[in-house]
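# A closer look at the structure
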Amino acid sequence: MLELSNDALKNEPGLLFSAQKLNPVAQEILQKMSLILLKNGANSEDSEIQKLSMFGAGLSASNVSLDILEIGLKSQDLETQLLSLHFISLLNDNKTDTLLSKAMRSDFLPTRLEAAYHMAQRKHPHAVGQIESLMFRLPIFLKPFFPHLFAMIGNESATKYLLRFLNDANSDVRLEAILSIANLNRDDLLSHLRKKFPNSTIAEKEAICHTFFRLNDTSSLEDIKKLASSNIENVKLSALRALYHLGDHTKKEELEKLAKENNLFAISILKEIPGSEKTLKSLLKSQNKLVKVNAAISLLKLKDPSCIDTLKAILVTDSKDTAIEPFYSIGRTMYYFKTVPKAIYKVKDIKNDPSLPIRESLLKETLELNEEDFLDFTHVVLSSLVIMLPV
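Residues numbered from 1 in each chain as written. Predicted model: local features only at pLDDT ≥ 70, side-chain atom pairs only at ≥ 80, totals over all residues. Heavy atoms only, no water.

Attention now goes to the overall build of the protein chain. Of the regular secondary structure elements, the protein chain holds 22 helices and 2 strands. Evaluated residue by residue, the protein chain yields a buried proportion of 46% over its 391 residues. In the protein chain, the share of contacts with a sequence separation of at least 24, taken over all contacts with a separation of at least 6, comes to 56%. By element, 54% of the accessible surface of the protein chain is carried by carbon and sulfur atoms, the whole surface being about 21,300 Å². (Helix = DSSP H or I, 4+ residues; strand = E, 2+ residues; numbered from the N terminus. Buried < 20%, exposed > 50% of the residue type's maximum accessible area, 1.4 Å probe, protein only. Contact = heavy atoms within 4.5 Å. Areas by Shrake-Rupley, 256 points an atom, 1.4 Å probe, with all protein chains shown as cover.)

Structure below.
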């Protein structure tokens, strides 16, 4: 293997010049040397060196590195396979489709599932057959993973499968099929949801209401209006939310009324409704911590600076001992945030905090506030980080 030590680089500073300054011949030589190093690394028995080689080959964003990435697919290390697969999926080359098919024969299930996703995303010519074969070989509890894949492919064969999923014996599969229609804007299947609507389960009714407003379908308004009077919380909320988004803004008052009754799903829905700031501000005075937290997050989404003080508590004061996690409705179309002691997760390092992505997302949202409020908030957060740094 070719090696360049730190001493060699120090003694020969010319080695550090930019590749852009090289003449074409020197560029070609350097590229070949790099490929040799990466290929040797990919064939190494050390999994860390393998992974570094996959990063190098992938970040080059060049089709000439496909042979190196193919070696990564044959690795006995799962992480190396997944890295290789990720970078292969980013390249547009005739060989990419072949390598995705090879990845479907991996000994590791995560690799096969990831390859199935990329095949569906690229609408691979053999995607339906490959994904169908994988689905039938796996345990039944993994079947809800597949409706989204067939919805992504979108051709006639895949759509037939999606329609079968709508009537599957497994309730989770049926629900996932409905949500996939909504999330991938499959308005060509709305007529099938309308037929299913009257005899659907509680979770399905919630999801179908969500799909109707996501796809702006007003043909089932009368059925949705009936559900707005339901005694079942998640169905009623989903129907009210759908009616509001489909143009009936009088439903805002009903949603605000439910929010004032400390309904956490209703409080979360208000982030989608401009003009609900007054109700949310009043909820910041609640003695119920979850009510305050969710009201503050909804106000943040509405770009209202009234949320700042509560957000400081969420992201700074309580961050050492408390984690934030979403709690979803039965139909998985609504959620609110709840706080739990970090001790449950046995978190010792901030990098392992499961709520870190949520906190980061909230911090990014503060960019939408006015400059003065954003800078004040950022100052508090950064000051707290300095205090938390180990001596």
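In this section: the pattern of salt bridges. All told, the structure shown has 22 salt bridges when counted by the stated rule. With a closest N to O distance of 3.4 Å, Glu 254 and Lys 251 form a salt bridge. One end of the pair, Glu 254, and the other, Lys 251, are both in helix α16 (residues 251-260), 3 residues apart, so they sit about a helical turn from each other. Using a relative accessible area of 33% as the deciding quantity, one classes Glu 254 as partly exposed. A salt bridge links Lys 338 to Glu 325, with the nearest nitrogen and oxygen atoms 3.5 Å apart. Here Glu 325 lies in strand β1 (residues 322-328) and Lys 338 lies in strand β2 (residues 335-341), a separation of 13 residues in the sequence. Each of Asp 67, Glu 70, Lys 95 and Lys 102 takes part in one network of salt bridges that share partners. (Salt bridge = Lys/Arg side-chain N within 4 Å of Asp/Glu carboxyl O.)

Of note, the phi angle at Asn 262 is positive, near 70°, even though the residue is not glycine. Among the structural elements, Asn 262 can be located in the loop between α16 and α17 (264-269). Residue classification places Asn 262 among the partly exposed residues on the basis of a relative accessible area of 35%. The phi torsion at Arg 332 lies on the positive side, around 60°, for a residue other than glycine. For Arg 332, a relative accessible area of 36% puts it in the partly exposed group.

Here we come to the packing of helix α11 (residues 171-183) against helix α13 (residues 202-214). Following both chains from N to C, one finds α11 and α13 inclined at 10°, their axes separated by 9 Å at the closest point. The orientation of α11 relative to α13 falls into the category roughly parallel. For the pair formed by α11 and α13, the contact residues are Arg 174, Leu 175, Ile 178, Leu 179, Ile 181, Ala 182 and Asn 183 on the first element and Ala 203, Glu 204, Ala 207, Ile 208, His 210, Thr 211 and Arg 214 on the second. Here the residues of the contact of α11 with α13 sort into 8 nonpolar, 3 polar and 3 charged. (Axes fitted to C-alpha atoms, helices over the stretch in contact; angles between N-to-C directions. Parallel < 35°, antiparallel > 145°, perpendicular 65-115°, else oblique. Nonpolar A, V, L, I, M, F, W, Y, C, P; charged D, E, K, R; others polar.)

Moving on to the side chain of Asn 234. Structurally, Asn 234 can be placed in helix α15 (residues 233-245). Judged by its relative accessible area of 10%, Asn 234 falls in the buried class. Here Glu 206 takes part through its side chain, which lies 2.7 Å from a polar atom of the side chain of Asn 234. (Polar contact = N/O pair within 3.5 Å; in protein donor to acceptor, adjacent residues only side chain to side chain.)

We now examine the confidence of the model for the protein chain. Of the residues in the protein chain, 88% have a pLDDT of 70 or more, and the chain-wide mean is 86. Throughout residues 1-19 the model reports pLDDT below 50, and contacts reaching past four residues in sequence, or to other chains, amount to 12 contacts. Counting contacts from residues 386-391, a segment whose pLDDT is below 50, to residues more than four positions away or on other chains yields 2 contacts. (pLDDT = per-residue confidence, 0-100.)

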